[in-house]
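Residues per chain are reported as follows:
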Amino acid sequence: METSRRLEHSGADRAFVVFVAAVVGALLAAGLPLVAAFADGHDLPFPVWLRSIARLDATWLTWGRPTIGLAVGALAGLLVIDQSWRLDITRERIVVRQGSDVRRIPRERVGVVYRTGRRTVVIEAGDGTGLFKGIVEGERSAVPEVFTALGYPWEGEV
């Protein structure tokens, strides 16, 4: 019998988010001079600090700009992962984490758990007070199974 479950990004999801963010960062950084030139040529607003970076002209920036963009993109991906909700669910409590913020919801306070939309999970107290609302990672069918297996009242499709 299970006593604890965790809902969060899988390892593959984490790797995918960081990879995509890194690639997007590299592409944006590599294309920065073209975008700045286009903005200048069409009298479009463009941040001065980005325009200054785009105008830097050095041989090493041919590979340096995309490399820096790759690193910044990967860091942004890691930040997205860090700020995603993680739920540790036991029969006694639900521990909700987002970044360094931690909140504990005792089992006796939980009146109902349900999903709105595709991935948003809502936990309410018996009197309807909202205890948690956020996007929770996990397969669509796995999320209700985790809650029901640990004795939480799930409302909706299982």
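Up top you'll find the structure we're talking about.
Residues numbered from 1 in each chain as written. Predicted model: local features only at pLDDT ≥ 70, side-chain atom pairs only at ≥ 80, totals over all residues. Heavy atoms only, no water.

> So, the environment of Arg-107: which residues are in play, and what are the values?
Within the element layout of this structure, Arg-107 appears in the loop between β4 (101–106) and β5 (110–116). The exposure class of Arg-107 is partly exposed, given its relative accessible area of 23%. Sequence separation between Arg-107 and Tyr-152 is 45 residues; the distance between their C-alpha atoms is 7.8 Å. Excluding residues that lie within four positions of it along the chain, Arg-107 makes contacts with Arg-91, Glu-92, Arg-93, Gly-151, Tyr-152 and Pro-153. (Helix = DSSP H or I, 4+ residues; strand = E, 2+ residues; numbered from the N terminus. Buried < 20%, exposed > 50% of the residue type's maximum accessible area, 1.4 Å probe, protein only. Contact = heavy atoms within 4.5 Å.)

> Which residues make up a nonpolar patch on the surface, and what values go with them?
The grouping of Phe-16, Phe-19, Val-20, Val-23, Val-24, Leu-27 and Leu-28 at the surface amounts to a nonpolar patch, some 690 Å² of accessible area in total. Note on placement: Phe-16 falls in helix α1 (residues 11–41). (Patch = residues over 30% accessible without salt bridge, like charges linked within 9 Å, V, L, I, M, F, W, Y side chains within 5 Å. Areas by Shrake-Rupley, 256 points an atom, 1.4 Å probe, with all protein chains shown as cover. Salt bridge = Lys/Arg side-chain N within 4 Å of Asp/Glu carboxyl O.)

> Got a sec to walk through the sheet that holds strand β2 (residues 85–90)? Specific residues and values, please.
Within the open sheet, the four strands sit side by side as β1-β2-β3-β4. Their pairing is antiparallel. What marks the edges here is a single partner per strand, and that holds for β1 (4–7) and β4. Across the sheet, the mean angle from the axis of one strand to that of its neighbour is 15°, orientation sign disregarded. Relative to β2, β1 runs antiparallel, the two sharing four bridges. Within the sheet, the bridge partner assigned to Arg-6 lies in β2 and is Asp-88. Sitting on the sheet, helix α4 (residues 142–149) is in contact with β1, β2 and β3 (93–98), with an inclination near 155° to β1. (Pairing = 2+ DSSP bridges. Axes fitted to C-alpha atoms, helices over the stretch in contact; angles between N-to-C directions.)

Everything listed here is a matter of geometry and, on its own, says nothing about what the molecule does.
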